[in-house]
Each structure stands twice: as C-alpha cells, then as structure tokens.
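Overview (structure and organization)
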Amino acid sequence: QVQLVESGGGLVQPGGSLRRACEASGTIFSINRMGWYRQAPGKQRELVAYISSGDRQNYADSVKGRFTISRDNAKNTVYLQMNSLKPEDTAEYYCYANIKSPGNYYAVDYWGKGTLVTVSS
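Residues numbered from 1 in each chain as written. Predicted model: local features only at pLDDT ≥ 70, side-chain atom pairs only at ≥ 80, totals over all residues. Heavy atoms only, no water.

When its secondary structure is counted, the protein chain shows 0 helices and 11 strands. Listing every helix and strand of the protein chain by position from the N terminus yields β-β-β-β-β-β-β-β-β-β-β. For the protein chain, whose C-alpha radius of gyration is 14 Å, the value lies close to the compact-globule estimate of 14 Å for 121 residues. Residue burial in the protein chain is summarised as follows: out of 121 residues, 40% are buried. Sequence-distant contacts in the protein chain: of pairs separated by 6 or more residues, those separated by 24 or more amount to 56%. (Helix = DSSP H or I, 4+ residues; strand = E, 2+ residues; numbered from the N terminus. Rg over C-alpha atoms; globule rule 2.2 N^0.38 Å. Buried < 20%, exposed > 50% of the residue type's maximum accessible area, 1.4 Å probe, protein only. Contact = heavy atoms within 4.5 Å.)

Turning next to the packing of aromatic side chains. Pairs of aromatic rings are described using the distance from one ring centre to the other and the angle between the two planes. Across all of its chains, the model carries 4 aromatic pairs by this definition. Each residue in the set Tyr37, Tyr96 and Trp111 is aromatic and connected to the rest through ring pairs, giving one cluster. The aromatic ring of Tyr50 is capped on one face by Arg33, whose charged end is 3.8 Å from the ring centroid. The side chain of Arg45 reaches across the aromatic face of Trp111, ending 5.0 Å from its centre. (Phe/Tyr/Trp six-rings, centres within 6.5 Å; stacked < 30°, edge-to-face > 60°. Lys NZ or Arg CZ within 6 Å of the ring centre and 35° of its normal.)

An order of S1-S3-S8-S7 is seen for the 4 strands of this open sheet, with the pairing classed as antiparallel. Looking at which strands have only one partner, the edges of the open sheet turn out to be strand S1 (2–7) and strand S7 (67–72). Averaged over all pairs of adjacent strands, the angle between their axes in this sheet comes to 15°, without regard to strand direction. The sheet contact formed by S1 and strand S3 (residues 18–26) spans 6 bridges and is antiparallel. Across the sheet, residue Ser7 finds its bridge partner in S3, namely Ala21. (Pairing = 2+ DSSP bridges. Axes fitted to C-alpha atoms, helices over the stretch in contact; angles between N-to-C directions.)

So, on to the side chain of Asp89. Counting through the fold element by element, Asp89 comes out in the loop between strand S8 (77–82) and strand S9 (91–100). With relative accessibility at 1%, the residue Asp89 sits in the buried group. Non-local contacts of Asp89, meaning those with residues more than four positions away in its chain, are made with Arg38, Arg66, Phe67, Ser84, Val117 and Val119.

When their charged atoms lie close together, side chains carrying opposite charge are able to pair. Scanning the model with the defined rule gives 5 salt bridges in all. Notably, a salt bridge pairs Lys64 with Asp61, separated by 3.1 Å at the nearest N-O pair. The partly exposed category is assigned to Lys64, whose relative accessible area is 49%. (Salt bridge = Lys/Arg side-chain N within 4 Å of Asp/Glu carboxyl O.)

What follows is about the nonpolar core. Within soluble globular proteins, side chains that are nonpolar generally end up buried alongside one another. Of all hydrophobic cores here, the largest spans 29 residues; its most connected members are Trp36, Val48, Phe67, Ile69, Leu80, Met82 and Tyr93. Counting residues per element, the ones that place at least two in this core are S1, S3, strand S4 (30–39), strand S5 (46–51), S7, S8, S9 and strand S11 (115–119). Among the elements that make up this core, the one with the highest residue count is S9 (5 residues). Leaving out residues up to four positions away in the same chain, Tyr93 has contacts with Glu6, Arg20, Tyr37, Arg38, Val48, Phe67, Leu80, Met82, Gly114, Thr115 and Val117. (Core = buried A, V, L, I, M, F, W, Y, C linked by side-chain atoms within 4.5 Å.)

This is the structure in structure tokens:
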C-alpha cells in the first residue's frame, strides 16, 4: 500500500507565498516522477509542475518564475514553493507520484487527496 500525504496550503494574500509538501509512504521500491496538479472551480485539472527522479523540472507557463518544485529522495517528499501568488492561482492542489513497489513490474500513479489554496485579500 502506498499513500501520499499533503501538507501546507490555506489562505494567503495576493503577492504572498506558500510552501506545499507531499510525502509518499508505504511499500516503495522507487519513485519516478513527482509533481503537482491543480483544479480551479469550473475548470479542468492542469499540470502545475513535475520533477523527474533526476531532478529535471517542468513548469506550466502560468507559474514559471514564481513556483519552484523540489524533492528530497531520502524523505520520499516533493515540495512546491509558491511565490508571488495571484488570485488566479486559487485552486485545489493535488500531488502525485509515479511509484514502483517491490514485486510489481510496472510503476503506478498515486495521488494525494488535495488541498485548497485560496489567494484573496
């Protein structure tokens, strides 16, 4: 069994910062890509950022220069530092990880439960 537990999030004023964390736990052999998606009310879920096992990063154009993704492989944790937040960043944020468990041939995508980030004055 594998689960992703998220922390951080909440209410922040425009221009403010938040740091999200997501820890994977359970029967883990290796973790490939980790990342974050978000879904705003009435919109489709969109990729925010991902980071490969080799630390290669990719960002949505809307967050480039403001958000930074990182990971701590020793802790099986991915982080999302969000700076210069805008009201349009308001959304439910979900972490995910592509994880291979011992004895399994294929890696599987796992998801966190999501946490609301609200950017408002």
